[in-house]
Amino acid sequence: MGFFSPTSRDDRQSAAPTDAGTNYLLWIDGVGTWLVYLQETLRIGGPGKPGSSSPLRSEWADLALLSNLSRHHATITRSGESYYLEAHAPVLCQERPVNDRVLLSDRATLKLNQDTILSFTQPTALSTSACLEFTSFHQPQQRLDGIVLMADNCLLGATGENHIVCKNWPGSVVIYRQGDQVFCRSRQEIYVNEEPASQGAVLTPGCLVSGPELRFRWEVIV
C-alpha cells in the first residue's frame, strides 16, 4: 500500500536543497502521513479562507483545524528543552483552564473549546522533539496522522520510544538537523533515491528513502 504523492520528475529535479527553516510531510508507506514541523512556534486555529496556499495552514494559523476555533486559538512554543502552551481562547490542559501560559508535560491532553482534543507527548528522554496527535476527529483540510515538533531529531521505528511508531519495521531510522540541512541515517541498510545512505545522507524535497520493509517520501510543504 502506498501513500506517496504524485511528485513529478521535473519537480524533483528543480527542487532546492533542503532548508531547515521549512516544514515537511513524511508519507510513510503502510503507516500514514506526518507533518514534521521545524519552527519553534506553532499557532493553532480554525479553518482559513478558501484558496489558502496550504491545506494545513491559514492566514492566521500554522495548523488550521476544521473545528469551531478562534482564528488564532492557541500557541505552542519550544524554549530550550521545554514546551509551553499559550491560550488565546478557551483551552484546558489536563482538564485545567489555561489563563495565560502553561508548561507542557509528557502525555498532556489539550482541549480547545468543547470538543477539539490534541495529545502532546515526548516519547523519549533522548530527544527534545515532541509530538501532537489528534485525539478527537478534528483535522486540517489535509488528513494527518500526527505532527512531530522537531527540535533536534525525529525517530522512526517499531517501539513506543520513537516519535513515529512504524510497527512492522525491522529497525529504526533517525532524521536529524545539521546546520541548515536535514539528514537521515540508520544502522540498517537504507537508500536515498537508490543511493546508499546508512551512514547519513541529506534529505531533499521529494526524495525517496527505502530499505528492508520500509519506504517513505520526504515532501516540502509551504
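Below or above, wherever it landed, is the structure these notes cover. A quick note: this is a predicted structure, and the numbers were derived from the prediction, not measured.

Quick look at the sheet that holds strand S21 (residues 207-211)
Taken in spatial order, the 12 strands make up an open sheet running S8-S7-S10-S11-S12-S13-S2-S1-S22-S21-S18-S19, and their pairing is mixed. Each edge of the open sheet carries a strand with a single partner, namely strand S8 (96-97) and strand S19 (195-196). Note: S21 against strand S22 (residues 214-221), five bridges, orientation antiparallel. The residue bridging Val209 from the neighbouring strand is Phe216, located in S22.

Considerations on the sheet that holds strand S20 (residues 201-202)
Spatially, S15-S14-S16-S17-S20 is the arrangement adopted by the five strands of the open sheet, whose pairing is mixed. Here the strands that pair on one side only, and so sit at the sheet edges, are strand S15 (164-165) and S20. Summarising the sheet, strand S14 (residues 153-157) and S15 pair through two bridges and their orientation is parallel. When the bridges of S15 are listed, Leu156 appears paired with Ile164.

Some details on the pattern of salt bridges
With the rule as written, the count across this model stands at four salt bridges. Here Asp62 ties to Arg57 by a salt bridge, and the two come within 3.4 Å at their closest N and O atoms. Among the residues examined, Arg57 registers a relative accessible area of 29% and is labelled partly exposed. Each of Arg43, Arg57 and Asp62 takes part in a single network of salt bridges with overlapping partners.

Some remarks on unusual backbone geometry
Despite not being glycine, Asn193 shows a phi value in the positive range, around 50 degrees. Turning to its location among the elements, Asn193 is positioned in the loop between strand S18 (191-192) and S19. Judged by its relative accessible area of 41%, Asn193 falls in the partly exposed class. The phi torsion at Glu194 lies on the positive side, around 70 degrees, for a residue other than glycine. Mapped onto the secondary structure, Glu194 falls in the loop between S18 and S19. Owing to a relative accessible area of 72%, Glu194 belongs among the exposed residues under this scheme.

Parameters and conventions
Residues numbered from 1 in each chain as written. Predicted model: local features only at pLDDT ≥ 70, side-chain atom pairs only at ≥ 80, totals over all residues. Heavy atoms only, no water. Pairing = 2+ DSSP bridges. Helix = DSSP H or I, 4+ residues; strand = E, 2+ residues; numbered from the N terminus. Salt bridge = Lys/Arg side-chain N within 4 Å of Asp/Glu carboxyl O. Buried < 20%, exposed > 50% of the residue type's maximum accessible area, 1.4 Å probe, protein only.

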